[in-house]
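This is what each chain is made of:
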Amino acid sequence: MTKLNTQPPRGTRDFYPEDLRVRQWLFAHWREVARRFGFEEVDAPIVEHAELYMRKAGEEIVDQLYHFELHDRHLALRSEFTPSLARMVMARQGALRWPIRWFGIPQCWRYERMTRGRRREHYQWNMDIWGEPGVTAEAELIAAAFAACDAFGLGAGDVRMRINSRALLEETLRERFLAERPEAFAPLCVIIDKLEKIGADAVVDQLAEPGGPVGLARPDAREAVELLSVDSLEDAARGAPRGSAALADLERLFELLGAYGLADRVVFDASVVRGLAYYTGIVFEAYDAGGSLRALCGGGRYDRLLDSLGGKPVPAAGFGFGDAVVTELLAEKGLLPELPRAVDAVVFPFGEDEREAATKLASALRRRGESVELVLASVKLKRALADADRGGARRVYLLGPDECARNVARVRDLISGEERDEPLP
Ligand code: HAM
């Protein structure tokens, strides 16, 4: 037999107890922020109908799908949570309390090319609001993302949210060169999302590819890319069509974010369009201020996802906030907490004659809610004490023949070193 590879599959992680403690710390903050914003937790299967993810706009995420056929069913590991949410909302559309505020922390799978903070599985905190068409939803979502940053110790100078509106871009492009071909807009966004990665010339090439999904004339493609360099709301306003509803939404959103006290953490950035085809309105991405990592979090409005899947249209907005990138950033800033193992007590019977008394004592302490490690093997006192110390125990209950005869346990406090007798239960 060939020797087993003890590493997990490339791009995936094992979580040993010390890793899981950090993950739980992160999740606890996400859950707490979601609770404070009035969101309820949901979950869905990690294996989904593959068709939920099979969109045709050329998105990278579709090519990265882990999918397989089993008993004539085409299934996929979820690459993101939003399609499952859409399925869940659609299934109960008539019986939900609107607007829906749901969150989840799904593990998502994408067969990615690996770079820093980009892996083949990650956990993603999702916060979504369904049934609210106004930007009050986006404002609330962005505020929640920052509340999580605050909880992690990431302050105003550490993370910036870059905000744009696909609707504004769509209005502008429709006026100029997409009037006859509205269906080209989603693939156009998918291509221009690659701007930073592949550069302006390659983006122009793809937008102008003859017979391609967008098929712009070359000068128009160039002009579309130039629109993306706008980085102030004032400049965007100057270029926007008259009476633009999308511009009014953006302006209102920035006002609301000011009311949340977030004015210095958010910027308008026309180059943020997001790589997923379903966004229709405001889009946003949070980055570390140092700019060395990929997006910590990304989301936006997706008002047409449900009808694209055959349901009644419902406006929706949300974001995904991954665990991998924020963990990198927190490590870089020394903000990951030390989370040593801890148990309240170790109960140590000197020999088998004391085991029954030790078992009863451990049970009584556990009933009181304490975490208790009962020493299972016959080991020497010195070894039991050293183990208890290494295992993060606060107290050790020693039960020798003498203690049992007196119906007590000798309790040693491993922090202060003090000892006392305690009656056995
Ligand atoms: P996304 O931008 O693909 O959006 O992912 C959201 C976040 O998940 C990213 O900003 C990043 O932190 C993390 N992430 C994504 N892929 C990876 C990866 N391969 N490795 C590590 N972290 C990753 C979505 O998935 C949308 N469904 C979010 C959403 C929810 N939009 C509306 N509601």
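Cut-offs applied
Numbering of residues begins from 1 in every chain and follows the order in which that chain's sequence is written. With the structure being a predicted model, the display of local features is reserved for residues of pLDDT at least 70 and the display and counting of side-chain atom pairs for 80 or more, all residues being used for whole-chain, interface and lining totals. Calculated side-chain values reflect all of the structure's heavy atoms, with hydrogen atoms and water omitted. Secondary structure counts use DSSP, requiring at least four H or I residues in a row for a helix and at least two E residues in a row for a strand, with both numbered from the N terminus. In the analysis that follows, any N or O atom pair within 3.5 Å is treated as a polar contact, provided that within protein one partner can donate a hydrogen and the other can accept it, and provided that, for residues neighboring in sequence, both atoms belong to side chains. In this analysis, two residues are considered to be in contact whenever any of their non-hydrogen atoms come within 4.5 Å of each other. For patch building, the residue pool is restricted to those with more than 30% relative accessible area and no salt bridge; the joining distance is 9 Å between like charges and 5 Å between nonpolar side chains (Val, Leu, Ile, Met, Phe, Trp, Tyr). Per-residue and other accessible areas were derived by the Shrake-Rupley procedure at a 1.4 Å probe size, with only the shown protein chains allowed to occlude residues. Definition used for salt bridges: Asp or Glu carboxyl oxygen within 4 Å of a side-chain nitrogen of Lys or Arg. Type-normalised accessible area, obtained with a 1.4 Å probe on protein chains alone, sets the label of each residue: buried when under 20%, exposed when over 50%, and partly exposed for intermediate values. Whether two aromatic rings pair depends on their centres lying within 6.5 Å, for rings of Phe, Tyr and Trp, where Trp uses its six-membered ring; planes under 30 degrees apart make the pair stacked, over 60 edge-to-face, and the rest tilted. The criterion for a charge sitting over a ring is simple: Lys NZ or Arg CZ within 6 Å of the ring centre, and within 35 degrees of the ring normal. The cutoff for a nearby residue is simple: one of its non-hydrogen atoms must lie within 4 Å of the molecule or strand. Three categories are distinguished: nonpolar for Ala, Val, Leu, Ile, Met, Phe, Trp, Tyr, Cys and Pro, charged for Asp, Glu, Lys and Arg, and polar for the others, with Gly belonging to the last. All the domain ranges listed were derived from an automatic or database domain assignment. In this description, strands pair whenever DSSP reports at least two bridges between them. Only C-alpha atoms enter the line fits that serve as axes; for helices the fit covers just the stretch in contact. Angles between N-to-C directions range over 0 to 180 degrees. Put simply, angles under 35 degrees are roughly parallel, angles over 145 are roughly antiparallel, angles from 65 to 115 are roughly perpendicular, and the rest are oblique. Each crossing gets its handedness from the near helix: less than a right angle anticlockwise from the far helix is left-handed, clockwise is right-handed.

1. Things to note about the side chain of R162
Its location among the elements puts R162 in strand β8 (residues 159–165). Looking at R162, its side chain comes within polar contact range of the side chain of E196, at 3.5 Å. Residues in contact with R162, not counting those within four places in the same chain, are E196, V267, D269, S271, V272, V283, F284, E285 and Y287.

2. Structural notes on the side chain of T82
Residue placement: T82 occurs in helix α3 (residues 82–91). A polar contact of 3.3 Å, which involves the side chain of T82, links it to the side chain of Y278. Those residues in contact with T82 that lie beyond four places of it in its chain are N126, Y278, Y302 and L305.

3. With respect to a nonpolar patch on the surface
A contiguous nonpolar surface patch, about 290 Å² in accessible area, is contributed by I46, V47, F68 and L70. The class for F68 is partly exposed, based on a relative accessible area of 31%.

4. Topic: the packing of aromatic side chains
Under the defined criterion, the tally for this structure stands at 16 aromatic pairs. Look at F27 and W30: their rings are 5.7 Å apart centre to centre, the planes differ by 20°, and that puts the pair in the stacked class. Of this pair, F27 and W30 both sit in helix α1 (residues 17–36), separated by three residues, roughly a single helical turn. Since its relative accessible area comes to 5%, F27 is described here as buried. Taking 5.8 Å as the distance between ring centres and 10° as the angle between the ring planes, the aromatic pair formed by W30 and W125 counts as stacked. Placement of the pair is W30 in helix α1 and W125 in strand β7 (residues 121–130), with a sequence separation of 95 residues. Neither residue differs from the other here; W30 and W125 are each classed as buried. Through successive ring pairs, a cluster of aromatic residues spans F15, W25, F27, W30, Y123, W125, F152, F319 and F321. The ring of Y111 carries the charged tip of R120 above its face, separated from the ring centre by 4.0 Å.

5. Digging into the site of the ligand
As a structural note, the neighbourhood of the ligand is formed by 28 residues, with E80, T82, E112, D128 and Y279 the closest of them. L296 places a main-chain nitrogen or oxygen 3.0 Å from an oxygen atom of the ligand. At 3.4 Å, a backbone N or O of F319 approaches a nitrogen atom of the ligand. When contributions to the shell around the ligand are tallied by element, the ones reaching two or more residues are β7, β11 (297–301), β12 (316–322) and α13 (323–332). Among the residues forming the shell around the ligand, the class breakdown is ten nonpolar, ten polar and eight charged.

6. A few points about the domain arrangement of the chain
By a frequent convention, interface size equals the accessible area lost on bringing the separate parts together. Under the domain assignment used here, the chain contains domain 1 (17–332) and domain 2 (343–423). On a C-alpha basis, the centroid separation for the pair domain 1 and domain 2 is 53 Å.

7. Some points on the sheet that holds strand β15 (residues 393–399)
Sheets are built from strands paired through backbone hydrogen bonds, the pairs being either parallel or antiparallel. One open sheet holds the five strands; their spatial order is β14-β13-β15-β16-β17, and the pairing between them is mixed. Two strands in the sheet have a free side with no partner beyond their single neighbour: β14 (372–374) and β17 (419–423). Taken over all neighbouring pairs, the strand axes of this sheet differ in orientation by 25° on average, direction set aside. Sheet topology note: the β15/strand β16 (residues 408–413) ladder contains four bridges and is antiparallel. Bridged to R395 within β16 is D413.

8. What to know about the packing of helix α5 (residues 166–178) against helix α11 (residues 245–259)
Orientation of α5 relative to α11, taken along the N-to-C sense of each, is 155°, at an axis distance of 8 Å. As summarised for this structure, α5 and α11 are arranged roughly antiparallel, according to the angle between their axes. Judged by the twist between their axes, the crossing of α5 over α11 is left-handed. In contact with A167, L168 and E171 of α5, α11 contributes A245, A246, L247 and L250.

9. A few points about helix α6 (residues 185–192)
Of all eight residues making up α6, seven are buried, and the element is well covered by its neighbours. Listed as buried for α6 are F185, P187, L188, C189, V190, I191 and I192.

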